[in-house]
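Per-entry structural report
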Amino acid sequence: MKRVFWLLMLLSVGAHAVTNMWIRTGEAYGIEPRLLYAISKVESNVRPLIISVNYKKLTKPQEQKLYSMLQSRNISYKIYSKVVEIDSKNSAEAKGVVDFLDQNRYPSFDIGLMQINNMHKEMLSKLKIPLSALLNENINLSVAAGILWECYKKHRSNDKAINAYNGAAVGNTYYTKVFTELRKLLLAHENSSKRLFYRII
């Protein structure tokens, strides 16, 4: 009976911690938590170990070396129009992929829950955060929220800030994709004009 009680307690605490990750990060950065979740839905389908490599920027030898590594380690991957999506079985395997890409200087790859690009490596280094740490969903979400907030400070509008998170504030349909997911989370009395950034700038 005691064992069952502690098991139920553990499950309850675990579920509570996962639920509050979005709220906790949203409150810390002044961003609507459901917006963060909607972005993660678009970026990774809320999968913390996904790594996406932009193969359009690879040389042929880099491309061959990547596929050879994935096949030799029996790591699952899918090829889409612009990226190779790598779906690791566990965090150790995912860390090996990130380390491989980083050490071999692959030009552009996105990591984890919010698909943070390796272009942020220098900024992360100043914070003493290695790229592989982005496989931790809490760290990944916090870093992403910081990047999104910087985008908002620069552009001061919902659509441009969200588009900028994806790489281009103008001429980008990313905002539409995110809002499609966000609308599913909004309550009946809420609408797309909802204030998504709360901090004063």
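In short, a report on the structure.

**Examining the packing of helix α6 (residues 137–155) against helix α7 (residues 158–165)**
Where α6 contacts α7, the two axes come as close as 8 Å, and the packing angle between them is 135°. One finds that α6 runs oblique with respect to α7. For the element pair α6 and α7, the recorded crossing hand is right-handed. Contacts between α6 and α7 involve A144, I147, L148, C151, Y152 and H155 on the former and, on the latter, N158, K160, A161, I162, A164 and Y165. In the contact of α6 with α7, the residues fall into nine nonpolar, two polar and one charged.

**Focus on the side chain of Q62**
Among the secondary structure elements, Q62 is positioned in helix α3 (residues 60–72). At 3.0 Å, the side chain of Q62 forms a polar contact with the backbone nitrogen of T59. With near-sequence residues (within four places) excluded, Q62 lies in contact with K57, N104, R105, Y106 and P107.

**Quick word on the pairing of strand β1 (residues 50–54)**
Counting buried positions along β1 gives five out of five residues, so the element sits mostly inside the fold. The alternating pattern of β1 places I50, S52 and N54 and I51 and V53 on opposite faces, both of which are buried. Pairing geometry for β1 and strand β4 (residues 109–111), over three bridges, is antiparallel. From the neighbouring strand, V53 faces β4, where its bridge partner is F109.

**Let's talk about the sheet that holds strand β2 (residues 76–79)**
Pairing within the open sheet is antiparallel, and its five strands lie in the order β2-β3-β1-β4-β5. In this open sheet, the two strands that pair with only one neighbour each are β2 and β5 (116–117). Relative to β5, β4 is paired through two bridges, and the arrangement is antiparallel. Its bridge partner being in β5, D110 is matched across the sheet by N117. Along the sheet, helix α4 (residues 91–103) contacts β1, β3 (83–87) and β4; its crossing angle with β1, the most-contacted strand, is approximately 25°.

**Observations concerning the packing of aromatic side chains**
By the definition in use, this model includes seven aromatic pairs. Consider the rings of F100 and Y106, whose centres lie 5.5 Å apart with planes at 40°: the pair is tilted. Judged on exposure class, the residue F100 and its partner Y106 are both buried. On the basis of an interplanar angle of 10° and a centroid distance of 4.1 Å, the ring pair of Y152 and F197 is categorised as stacked. Placement of the pair is Y152 in helix α6 and F197 in the segment after α8 (174–183), with a sequence separation of 45 residues. Neither Y152 nor F197 differs from the other in exposure class; each is buried. Grouped by ring-pair contacts, the aromatic residues W149, Y152 and F197 constitute a single cluster.

**A word on the environment of A169**
Along the chain, A169 turns up in the loop between α7 and α8. Since its relative accessible area comes to 17%, A169 is described here as buried. Considered as a pair, A169 and C151 are 18 residues apart in the sequence and their alpha carbons are 8.8 Å apart. If we ignore the near neighbours within four places in the chain, the residues touching A169 are H155, K160, N163 and A164.

**Here we look at unusual backbone geometry**
Backbone geometry at V46 places phi at a positive 60°, although glycine is not the residue there. Checked against the element boundaries, V46 lands in the loop between α2 (33–44) and β1. When its relative accessible area of 26% is taken as the criterion, V46 is described as partly exposed. Its identity as a non-glycine residue notwithstanding, N74 has a phi of 55°, on the positive side. Along the chain, N74 turns up in the loop between α3 and β2.

Criteria and thresholds
Residues numbered from 1 in each chain as written. Predicted model: local features only at pLDDT ≥ 70, side-chain atom pairs only at ≥ 80, totals over all residues. Heavy atoms only, no water. Axes fitted to C-alpha atoms, helices over the stretch in contact; angles between N-to-C directions. Helix = DSSP H or I, 4+ residues; strand = E, 2+ residues; numbered from the N terminus. Parallel < 35°, antiparallel > 145°, perpendicular 65-115°, else oblique. Left-handed = near helix turned anticlockwise from the far one by under 90°. Contact = heavy atoms within 4.5 Å. Nonpolar A, V, L, I, M, F, W, Y, C, P; charged D, E, K, R; others polar. Polar contact = N/O pair within 3.5 Å; in protein donor to acceptor, adjacent residues only side chain to side chain. Buried < 20%, exposed > 50% of the residue type's maximum accessible area, 1.4 Å probe, protein only. Pairing = 2+ DSSP bridges. Phe/Tyr/Trp six-rings, centres within 6.5 Å; stacked < 30°, edge-to-face > 60°.

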